[in-house]
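So the chains spell out like this:
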Amino acid sequence: MFNVELIGTGSCIPEKVVTNDDLAKIVDTSDEWITSRTGIKERRISTGETTTELAVGAARSALESARISAEDLDLIIVATLTPDDYLPSTACQVQKHIGADNAACFDLNAACTGFIYGLTVASQFIRTGMYKTALVIGAEELSKITDWTDRTTCVLFADGAGAAVLQRGEQQGIISEIIGSDGNKGDCLTCPALPPRNYFIRDDSTKESRSEYVYMNGREVYKFAVTVMPECILKTLEGTGISLSDIDHIIPHQANLRIIDAAAKKLNLDASKFYVNLPRFGNTSGASIPIALDEMAKANRFKKGDLIILVGFGGGLTYGAMLIKWTMGE
Ligand code: COA
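Residues numbered from 1 in each chain as written. Predicted model: local features only at pLDDT ≥ 70, side-chain atom pairs only at ≥ 80, totals over all residues. Heavy atoms only, no water.

> I'd like a rundown of the domain arrangement of the protein, residues and numbers included.
Reports often express the size of an interface as the amount of accessible area lost when the parts come together. When the domains of the protein are assigned, the result is domain 1 (3-172) and domain 2 (176-190 + 211-325). Computed from C-alpha atoms alone, the centre-to-centre distance between domain 1 and domain 2 is 15 Å. Residue-level contacts link 48 residues of domain 1 with 45 residues of domain 2. For the domain 1 and domain 2 pair, buried surface summed over both sides reaches about 3500 Å², with 64% attributable to carbon and sulfur atoms. (Domains from an automatic or database assignment. Contact = heavy atoms within 4.5 Å. Buried area = accessible area lost by both parts, 1.4 Å probe.)

Set out below in structure tokens:
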């Protein structure tokens, strides 16, 4: 098996900042409620940028940081639940825009855990020797599936994209990973696609309008999250000889500060181990972890040899975590 290293990160976010006070003008809410229940203060919302455009921006930024050209890519995976089109996939559209002519491309939907799923899939291709270099992008525009009259969800979700480049390397950058799902709890977080509709369906009931928006049972998702986050973190350490106290940074899915604090408490860890940028970005689903990763990398928060855990949960319900050694730098 080959080693896999993370060699670059990137991100791209819409320009428009929407504050809690802005939302209080649209729905019956307040900065106080949103801040105290979630930690979110503001978020970025598309004013026309598409999921593909955000993904392309993140891809370009990651290639620049990895100092490779698009033609070096063997694989592009885009984790998204909010593509612009059924066809072609977002990954194929990214390929076209950046000129990654040698890459195999596909999208993957594991909701907010999508980026960890994407990294996991890409790693397997590199470990086995099938591919040498892969680009994984988490790109979301949750604002287009958010009901802007529903105060229970519209205060949470946001738009953005982040990316990472993985490559076969000398050192073991990706040390371990786990992904999993619990489809039995899928009803907690849903967003319907098209119902059956074709010439042969005569039953009018299928033509009834269905919601196009995200529905969430916040309490159930909360309970799931505070249980799986600590479990995933501990599972990634199993069999690695690395203990929790050796970990330098944990980058959690940026859904809710209370969830992150509860996970830290369960693990007896100082909350400062967990990187948090959700006050500025809200919940960008599959983009939240790579945006945070890129933000930390660009701010030189990592030094060579640092041990980092990425951990996420989301619709499906899905969960996952990855243990990485930072191999870049001096
Ligand atoms: N502003 C003001 N009041 C609001 C509100 C808002 N934006 N949203 C809901 N409320 C009200 C509710 O209507 C309810 O009022 P009621 O008691 O009169 O019925 C009250 O606030 C409490 O609502 P509740 O849903 O019990 O709040 P909560 O403490 O569970 O917090 C969440 C709600 C969504 C913040 C919380 O459940 C959560 O974070 N869940 C996890 C969600 C998540 O991470 N999703 C992403 C998955 S990737």
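> With reference to specific residues and values, describe the pattern of salt bridges.
Under the defined criterion, the tally for this structure stands at 10 salt bridges. Taking the shortest distance from any N to any O, the salt bridge between Lys298 and Asp294 comes out at 2.7 Å. Note that Lys298 and Asp294 are positioned in helix 10 (residues 288-298) at a spacing of four residues, about one turn of the helix. Across the pair Asp306 and Lys303 runs a salt bridge whose closest N-O atoms are separated by 3.1 Å. On the accessibility criterion, Lys303 (55% relative accessible area) is exposed. (Salt bridge = Lys/Arg side-chain N within 4 Å of Asp/Glu carboxyl O. Helix = DSSP H or I, 4+ residues; strand = E, 2+ residues; numbered from the N terminus. Buried < 20%, exposed > 50% of the residue type's maximum accessible area, 1.4 Å probe, protein only.)

> How would you summarise the site of the ligand if you had to cite specific residues and measurements?
If you check the shell around the ligand, you find 23 residues, and the closest are Thr29, Arg37, Arg151, Arg219 and Asn256. The contact in question runs from an oxygen atom of the ligand to an N or O atom on the side chain of Arg37, over 2.8 Å. Asn256 has a polar side-chain atom sitting 2.6 Å from an oxygen atom of the ligand. Against a free-state accessible area of 960 Å², the protein chains account for coverage of 74% of the ligand. Within the residue set of the shell around the ligand, elements represented by two or more residues are helix 2 (31-38), helix 6 (151-154), helix 7 (218-237), helix 8 (257-266) and strand 12 (307-314). Considering every element that reaches the shell around the ligand, the biggest residue donor is helix 7, with four residues. Residue classes in the shell around the ligand are distributed as 10 nonpolar, eight polar and five charged. (Near = heavy atom within 4 Å. Polar contact = N/O pair within 3.5 Å; in protein donor to acceptor, adjacent residues only side chain to side chain. Areas by Shrake-Rupley, 256 points an atom, 1.4 Å probe, with all protein chains shown as cover. Nonpolar A, V, L, I, M, F, W, Y, C, P; charged D, E, K, R; others polar.)

> How would you summarise the pairing of strand 12 if you had to cite specific residues and measurements?
In terms of burial, strand 12 is largely enclosed, as eight of its eight residues are buried. Here strand 11 (residues 249-252) pairs with strand 12 via four bridges, running parallel. Considered in strand 12, the bridge of Ile251 is made with Leu310. Pairing analysis gives eight bridges linking strand 12 to strand 13 (residues 318-325), with the strands arranged antiparallel. Bridged to Ile309 within strand 13 is Leu323. Hairpin connection, strand 12 to strand 13: the antiparallel pair is bridged by three residues, and Gly316 has positive phi, about 140 degrees. (Pairing = 2+ DSSP bridges.)

> A description of the environment of His97 should follow, citing residues and the corresponding values.
For His97, the location among the structural elements is in helix 4 (residues 90-98). In sequence terms His97 and Ala70 are 27 residues apart; their C-alpha atoms lie 9.9 Å from each other. When neighbours within four sequence positions are excluded, His97 is seen to be in contact with Thr52, Val56 and Arg60.

> So what's going on with the sheet that holds strand 12? Which residues, and what values?
Pairing in this open sheet of four strands is mixed, and the strands run 8-13-12-11 from one edge to the other. Of all the strands in the sheet, the pair left with one neighbour each is strand 8 (174-181) and strand 11. Sheet twist, expressed as the average angle between the axes of neighbouring strands with direction ignored, equals 10 degrees. Packed onto the sheet, helix 5 (residues 114-127) meets strand 8, strand 12 and strand 13 and runs at close to 125 degrees relative to strand 8. (Axes fitted to C-alpha atoms, helices over the stretch in contact; angles between N-to-C directions.)

> A description of a nonpolar patch on the surface should follow, citing residues and the corresponding values.
A cluster of nonpolar side chains, namely Tyr86, Leu87 and Leu194, defines an oily patch on the protein surface of about 410 Å² accessible area. For Leu194, the position within the fold is in the loop between strand 9 (189-190) and strand 10 (215-216). (Patch = residues over 30% accessible without salt bridge, like charges linked within 9 Å, V, L, I, M, F, W, Y side chains within 5 Å.)

> Account for the side chain of Thr327, naming residues and giving values.
As for its position among the elements, Thr327 is in the segment after strand 13. A polar atom in the side chain of Thr327 sits 2.7 Å from the side chain of Glu5.

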